[in-house]
Amino acid sequence: MPEVTKRGAFVVIEGLDRSGKSTQCTLLLEQLRSAGVDVKLLKVPDRTTTIGKVIDSYLRKESELDDRAIHLLFSANRWEVASSIESSLRAGTLILCDRYAFSGLAFSSAQGLPYTWCRAPDAGLPAPDITLLLDVSPEAQAKRGGFGAERYEQTELQERVRAAFERVGDEMGGGGRWVVVDADAEQEAVARELWRHVEPLAQGTDEPLRRLWDEEEERRRVSELYL
Ligand code: Z5A
Ligand code: MG
């Protein structure tokens, strides 16, 4: 009998600005490493690639771009790492990702782009085994220091992004693949809650690697054909 080996799990941390994603990713990385887990931390946008540099300049308001053009660049920035995510997972490495396609969907749809249009370029990307959404209230967000000078760092837009994340969560449904975590809590409490969800995946998973939004698209296509 061939030996059955598990693939690494794909864990995504999502949330609004200043919800503590990067802080929690660093804590999770340390905790996973001390548990002997082979883990790689990614962050999107990755501002170091050629596409990432264009995104960085746009976010820092050094250049202007059409809303659809920047959305597609954010997506392309994820496709740049898609095959390496997949090969790392197959090699047994746990991938921890600071933001992912859900940020693209939430931020662009909150700015008025059609929801299904926003989702389309990311369909087919490796799907996370679990997405932990750090839900921060506007009050707690405001206490975490003033917004920086970057684009999107405005209260009214953040409120629309929060509503858009709720829609994404509803669409992702139950089944434990989308988990909302109270990010108003103290850092240590948030870290404990994240660990409770990540620990069961730390040693890998037998689940096949899914593709983002493909199954749903397929169901819709079939129902359109036959109904
Ligand atoms: N964007 C997009 O439009 N489309 C896309 O497809 C993608 C992104 C992927 C830049 O993202 C922008 O790109 C972002 C979305 C958009 N715009 N906004 N808004 P980014 O990921 O590069 O942004 P960032 O610079 O890393 O900021 P951030 O991710 O929003 O922050 P964070 O990582 O969530 O928070 P933090 O750096 O961990 O913590 C913030 C502060 O709060 C810090 O002082 C901590 O010490 C403090 N903190 C953290 N946790 C706590 C708790 N629990 N209590 C109290 N204080 C805390
Ligand atoms: Mg961050």
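Shown above is the structure to which this text applies.
Structural notes, computed from the coordinates.

What counts and what doesn't
- Residues numbered from 1 in each chain as written.
- Chains lettered and ligands numbered in written order.
- Predicted model: local features only at pLDDT ≥ 70, side-chain atom pairs only at ≥ 80, totals over all residues.
- Heavy atoms only, no water.
- Core = buried A, V, L, I, M, F, W, Y, C linked by side-chain atoms within 4.5 Å.
- Buried < 20%, exposed > 50% of the residue type's maximum accessible area, 1.4 Å probe, protein only.
- Contact = heavy atoms within 4.5 Å.
- Near = heavy atom within 4 Å.
- Polar contact = N/O pair within 3.5 Å; in protein donor to acceptor, adjacent residues only side chain to side chain.
- Areas by Shrake-Rupley, 256 points an atom, 1.4 Å probe, with all protein chains shown as cover.
- Helix = DSSP H or I, 4+ residues; strand = E, 2+ residues; numbered from the N terminus.
- Nonpolar A, V, L, I, M, F, W, Y, C, P; charged D, E, K, R; others polar.
- Pairing = 2+ DSSP bridges.
- Expected span 1.5 Å × (residues − 1).

### Looking at the nonpolar core
Core analysis: the biggest nonpolar cluster contains 63 residues, and Ile13, Leu32, Leu96, Tyr100, Phe102, Leu132 and Phe165 have the highest contact counts within it. Residues contacting leucine 132, with those up to four places away along its chain left out, are Val11, Val12, Ile13, Glu14, Val179, Val181, Leu194, His197 and Val198.

### Overview of the site of ligand 1
Every one of the 26 residues lining ligand 1 counts as a neighbour, but Asp17, Lys21, Thr23, Lys43 and Arg99 are closest to it. Within the side chain of arginine 47, a nitrogen or oxygen atom sits 2.9 Å from an oxygen atom of ligand 1. The separation between a nitrogen atom of ligand 1 and a polar main-chain atom of alanine 185 is 2.9 Å. Protein coverage of the free-state accessible area of ligand 1, which is 1,100 Å², stands at 79%. Secondary-structure elements contributing two or more residues to the shell around ligand 1 are helix H1 (21-34), helix H3 (67-90) and helix H4 (101-110). Residues that form the shell around ligand 1 fall into these classes: nine nonpolar, eight polar and nine charged.

### Digging into the pairing of strand E1 (residues 10-15)
For E1, the tally of buried residues reaches six of six residues, placing the bulk of the element in the interior. As judged from the four bridges shared by E1 and strand E3 (residues 94-98), these two strands associate in the parallel manner. Bridging from a neighbouring strand, phenylalanine 10 pairs with isoleucine 95 of E3. Pairing of E1 with strand E4 (residues 130-135), which is carried by five bridges, proceeds in the parallel orientation. Note on E4: the bridge partner recorded for glutamate 14 is leucine 133.

### Quick look at the side chain of serine 103
Mapped onto the fold, serine 103 is located in helix H4. Apart from the residues within four sequence positions on either side, serine 103 is in contact with Glu14, Ser108 and Phe165.

### Notes on helix H7 (residues 155-172)
Helix length check: H7 (18 residues) gives 26 Å between terminal C-alpha atoms against 26 Å at 1.5 Å per residue, within 8%. In this structure, the buried residues of H7 make contact with E1, H4, helix H5 (115-119), E4, helix H6 (138-143) and strand E5 (178-182). Directly beyond the C-terminal end of H7, a positive phi value near 70° is found at glycine 173.

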